[in-house]
Amino acid sequence: MGSALEALGVPADVHDGYGLALVSVWVGLVVWCDGDRYWWRTGWDPCRKRVIYAYHSVLEPERAARRVAYRYADLRRGHPLHQPSSEATTAP
């Protein structure tokens, strides 16, 4: 998944342990993998008061990466990187 995201221009950090791989993509976007499927949070269901997840088979990492890249683009539009103001000063 990490290399497939990289090929799409999406930066990500991959971490593993305890039988899971975690791909940290953006604030609010972490992809988990247990060897069978990838899954990530896509929203919130206010009626059921629970998180909504998308998932994809590990047999298609490029296709899963495209779906994650779409989610990444949505999140970036809503939460761009913080830009320090030009008036910010550094401590002496």
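Okay, so let's go over this structure. No experiment lies behind these values; they were computed from the predicted model shown. (Residues numbered from 1 in each chain as written. Predicted model: local features only at pLDDT ≥ 70, side-chain atom pairs only at ≥ 80, totals over all residues. Heavy atoms only, no water.)

Looking at the nonpolar core
Put simply, the rule is: Throughout, nonpolar core names a set of buried Ala, Val, Leu, Ile, Met, Phe, Trp, Tyr and Cys residues whose side chains join them through atoms within 4.5 Å. Summary of the burial criterion: residues with accessible area below 20% of their type's maximum are buried, those above 50% are exposed, and those between are partly exposed, where the area comes from a 1.4 Å probe applied to protein chains only. Counting from the N terminus, the helices are DSSP H or I runs at least four residues long and the strands are E runs at least two residues long. Whether two residues are in contact is decided by their heavy atoms: any pair within 4.5 Å suffices.
Counting 19 residues, the largest nonpolar core has Met1, Leu5, Val25, Leu29, Val31 and Val68 as the members making the most contacts within it. Sorting elements by how many residues they give to this core places helix H2 (residues 61–78) first, with six residues. If sequence neighbours within four positions are ignored, Val68 has contacts with Met1, Leu5, Val25, Leu29, Val31 and Trp40.

Observations regarding unusual backbone geometry
At Tyr18, a position not held by glycine, the phi torsion is positive, near 55°. Within the fold, Tyr18 resides in the loop between strand E1 (13–17) and strand E2 (20–26). On the accessibility criterion, Tyr18 (89% relative accessible area) is exposed. The phi torsion at Lys49 lies on the positive side, around 55°, for a residue other than glycine. Looking at the secondary structure, you find Lys49 in the loop between strand E4 (37–45) and strand E5 (50–57). Relative accessible area serves as the criterion here: at 62%, Lys49 is assigned to the exposed category.

Quick word on the sheet that holds E1
What counts here: Strand pairing follows a simple DSSP-based rule, namely that at least 2 bridges must link the two strands. Orientation is described by axes fitted as lines to C-alpha atoms, over the contacting stretch for helices, and by angles from 0 to 180 degrees between their N-to-C directions.
Overall, antiparallel pairing links the five strands, which are arranged E1-E2-E3-E4-E5 in an open sheet. Looking along the sheet, the strands with just one partner apiece sit at the ends: E1 and E5. Here the strands of the sheet are splayed against their neighbours by 25° on average, with no regard to which way each runs. Sheet topology note: the E2/strand E3 (residues 29–33) ladder contains five bridges and is antiparallel. Its bridge partner being in E3, Leu22 is matched across the sheet by Trp32. Across the face of the sheet, H2 comes into contact with E2, E3, E4 and E5 while running at roughly 30° to E4.

In short, the description is geometric, and any link to function would need to be established separately.
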